[in-house]
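Coordinate inspection notes
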Amino acid sequence: MDAMGLSGAEWLAVLRIGLGLWWLESWRHKDKKGWFERGTGIAWAADVAGKHRWNAVRSGFDVVVKPRPKTMAYVVVYAELALGLGLVLGFLTPVALVGGLLLNLLYFTLMIHDWAEQGQNAMMGLISVVALGAVSWQTWSLDHAIGLF
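Residues numbered from 1 in each chain as written. Predicted model: local features only at pLDDT ≥ 70, side-chain atom pairs only at ≥ 80, totals over all residues. Heavy atoms only, no water.

Along the chain, Arg68 falls in the loop between α4 (55–64) and α5 (69–89). C-alpha separation for the pair Arg68 and Glu117, spaced 49 residues apart in sequence, amounts to 25 Å. (Helix = DSSP H or I, 4+ residues; strand = E, 2+ residues; numbered from the N terminus.)

Below, the structure is given as structure tokens:
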């Protein structure tokens, strides 16, 4: 593989780390007090899900998220932090990539009408697929350093 400046594996590590930084930024800019104390994030998602054109999204939200809004707020916020750290550090990288892809698919489905969000989730999902398929943890990762995967 020809590459400029870095090897192909190093460029894939840059892509993986960039995706991790994107997840960390998603975590950083969240109003944690609003999410955890006032339930703003889950309330917003409930409003979006309640107006969704697909019954499966409405009923799925009502069954999984609505009965436990505080728990789900913590799950969402700390999942983004865990994904970001895992990808930046290259620790449990395939798990982080699959988890991030699933979270992006959930966000993509929930916000099917919000085109700005769709672009972000589509690009993050694409990066996850490429980083997973190209074994992006073979360079600059704790996984590689300790012999995981």
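Counting residues in each nonpolar core, the largest one holds 26 residues, and the members touching the most others are Leu19, Trp23, Trp35 and Ile42. At the level of secondary structure, the elements contributing two or more residues to this core comprise α1 (8–28), α2 (32–38), α3 (40–50), α4, α5, α6 (93–110) and α7 (115–133). Per-element accounting of this core gives the leading share, six residues, to α5. Sequence-distant contacts of Trp23, that is, excluding residues within four places in its chain, are made with Glu80, Leu83, Gly84, Leu87, Gly100, Leu103, Asn104, Tyr107 and Met124. (Core = buried A, V, L, I, M, F, W, Y, C linked by side-chain atoms within 4.5 Å. Buried < 20%, exposed > 50% of the residue type's maximum accessible area, 1.4 Å probe, protein only. Contact = heavy atoms within 4.5 Å.)

Glancing now at α6. In this model, α6 (18 residues) spans 25 Å end to end at C-alpha, consistent with the 26 Å of a helix rising 1.5 Å per residue. Buried within α6 we find Thr93, Pro94, Ala96, Leu97, Gly100, Leu103, Asn104, Tyr107 and Leu110. Contact partners of the buried residues in α6: α1, α3, α4, α5, α7 and α8 (142–146). (Expected span 1.5 Å × (residues − 1).)

Below, the discussion takes up the packing of aromatic side chains. The description of an aromatic ring pair rests on the distance of the ring centres and on the angle between the ring planes. Summed over all chains, the structure comprises five aromatic pairs. When the ring of Phe36 is compared with that of Tyr74, the centres are 4.0 Å apart and the planes differ by 5 degrees; the resulting orientation is stacked. Placement of Phe36 in helix α2 and of Tyr74 in helix α5 is noted, with a sequence separation of 38 residues between them. Residue Phe36 is classed as buried on the basis of its relative accessible area of 11%. Ring pairs connect the aromatic residues Phe36, Tyr74 and Tyr78, which therefore count as one cluster. The lysine or arginine in question, Lys32, covers the ring of Trp27, its NZ or CZ lying 4.1 Å from the ring centre. (Phe/Tyr/Trp six-rings, centres within 6.5 Å; stacked < 30°, edge-to-face > 60°. Lys NZ or Arg CZ within 6 Å of the ring centre and 35° of its normal.)

Our next topic: unusual backbone geometry. In this structure, Trp140 takes a positive phi of about 50 degrees despite not being glycine. By secondary structure assignment, the location of Trp140 is in the loop between α7 and α8. We classify Trp140 as partly exposed; its relative accessible area is 43%. With a phi close to 60 degrees, Phe149 is a non-glycine residue in the positive phi region. Note that Phe149 resides in the segment after α8.

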